[in-house]
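# Topology and contacts: notes
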Amino acid sequence: GTNADTKAFQETSVHLTMGVDTHVWALTYAHLRWTLLQRVEKEWKVQIESDETYWNSMKSIHVGFLSENSDKGVNAPSSYTDLIEQVKQVLQDIEPERWGADGSGKEDYPSDDSIREVVEYMIHDHMANLLEVQEEMFTNVNPHEDNTIIKGYQCTQKQEAAMQQYGQFSNNKAMKDAFDQRRKERERKVSESGGISY
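Our subject in this report is the structure included herewith. Everything quoted here is computed from the prediction, not taken from an experiment.

### Regarding the overall build of the chain
Scanning the chain from N- to C-terminus turns up seven helices and zero strands. Order of helices (α) and strands (β) in the chain, N terminus to C terminus: α-α-α-α-α-α-α. Looking at the chain as a whole, 38% of its 198 residues are labelled buried. Contacts in the chain between residues far apart in sequence, at least 24 positions, make up 68% of those at least 6 positions apart.

In structure tokens form, the structure reads like this:
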């Protein structure tokens, strides 16, 4: 390529993701499975033998228009039964030799109560928190104003805090600490550069 091409690739660019990236923010069935196994202190492992199994596990939980019952939304308690069964299906699909019903000689599924606890947290706490941050981040945006950049920083910190809380809920100290350190490191850099002026 030309020198101009090289220079273009080296320049800093800014990218905005409109909406919620469900894979990044742990809003897939695979993440529900991971969180569940962490909380009930069961071994987490993967036994994926087909692309279909992988992609089915990476389907997004019902967020906004992705809800199959968008008129009710996932906040409707009646929808939990379906979600619980879908989580069990993902458990079974990823580790078919591990899970089974009582008397099958296989390991029992985590209880419906434990699955419901995870589903409720992910919807009412984790997802709701992230959607609130996204709404704040992308409302009244003007890229020519300093306040928009400041708001972007502040909302990014809130996203990191949400993931830190998710790590804590999942009983995963490494994840909790990693997001805590990232958030604090960003705060340190801002402070060392003179802080933020409003």
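### Some details on unusual backbone geometry
In this model, asparagine 140 sits at a positive phi of 55 degrees, which is unusual for a non-glycine residue. Following the sequence through the fold, asparagine 140 ends up in the loop between α5 (112–137) and α6 (146–169). With relative accessibility at 70%, the residue asparagine 140 sits in the exposed group.

### Considerations on the environment of methionine 122
Here methionine 122 lies in helix α5. A relative accessible area of 0% means that methionine 122 is categorised as buried. Each C-alpha atom of the pair methionine 122 and leucine 27 lies 7.6 Å from the other, and the pair is 95 residues apart in sequence. If sequence neighbours within four positions are ignored, methionine 122 has contacts with Ala26, Leu27, Leu32, Thr35, Met127 and Tyr166.

### As for the packing of aromatic side chains
Taken as a whole and assessed by the stated rule, the structure comprises four aromatic pairs. Ring geometry for tryptophan 99 versus tyrosine 109: centroids 5.9 Å apart, planes at 10 degrees, classification stacked. One end of the pair, tryptophan 99, is in the loop between α4 (79–94) and α5; the other, tyrosine 109, is in the loop between α4 and α5, and ten residues separate them in sequence. Taking relative accessible area as the criterion, tryptophan 99 reaches 1% and is therefore assigned buried. Residue tyrosine 109 is classed as partly exposed on the basis of its relative accessible area, which comes to 25%.

### Here we look at helix α7 (residues 173–192)
For α7, with 20 residues, the first-to-last C-alpha span of 28 Å sits near the 28 Å given by 1.5 Å per residue. Those residues of α7 that sit buried are Met175, Asp177, Phe179, Asp180, Arg183 and Val190. Against α2 (29–39) and α6 lie the buried residues of α7. Phi for glycine 194, located one or two positions after α7, is positive at around 110 degrees.

### Brief notes about the pattern of salt bridges
Evaluated as defined, the whole model comprises 17 salt bridges. Between glutamate 95 and arginine 98 there is a salt bridge whose closest N-O contact spans 3.0 Å. A single burial state applies to glutamate 95 and to arginine 98, both of which are buried. The structure contains a network of salt bridges with shared partners spanning Arg33, Lys42, Glu95, Arg98 and Glu107.

### Some words on the environment of tryptophan 99
Considering only alpha carbons, one finds tryptophan 99 and glutamine 89, ten residues apart in sequence, at a separation of 9.9 Å. Every residue in contact with tryptophan 99, bar those within four places of it in the chain, is listed here: Leu37, Lys42, Leu91, Gln92, Lys106, Glu107, Asp108, Tyr109 and Pro110.

### Let's talk about the side chain of glutamine 157
One can find glutamine 157 in helix α6. At 3.0 Å, the side chain of glutamine 157 and the backbone oxygen of arginine 183 are in polar contact. Beyond its immediate chain neighbours, meaning those up to four positions away, glutamine 157 contacts Arg183, Arg186 and Glu187.

Rules and cut-offs
- Residues numbered from 1 in each chain as written.
- Predicted model: local features only at pLDDT ≥ 70, side-chain atom pairs only at ≥ 80, totals over all residues.
- Heavy atoms only, no water.
- Helix = DSSP H or I, 4+ residues; strand = E, 2+ residues; numbered from the N terminus.
- Buried < 20%, exposed > 50% of the residue type's maximum accessible area, 1.4 Å probe, protein only.
- Contact = heavy atoms within 4.5 Å.
- Phe/Tyr/Trp six-rings, centres within 6.5 Å; stacked < 30°, edge-to-face > 60°.
- Expected span 1.5 Å × (residues − 1).
- Salt bridge = Lys/Arg side-chain N within 4 Å of Asp/Glu carboxyl O.
- Polar contact = N/O pair within 3.5 Å; in protein donor to acceptor, adjacent residues only side chain to side chain.

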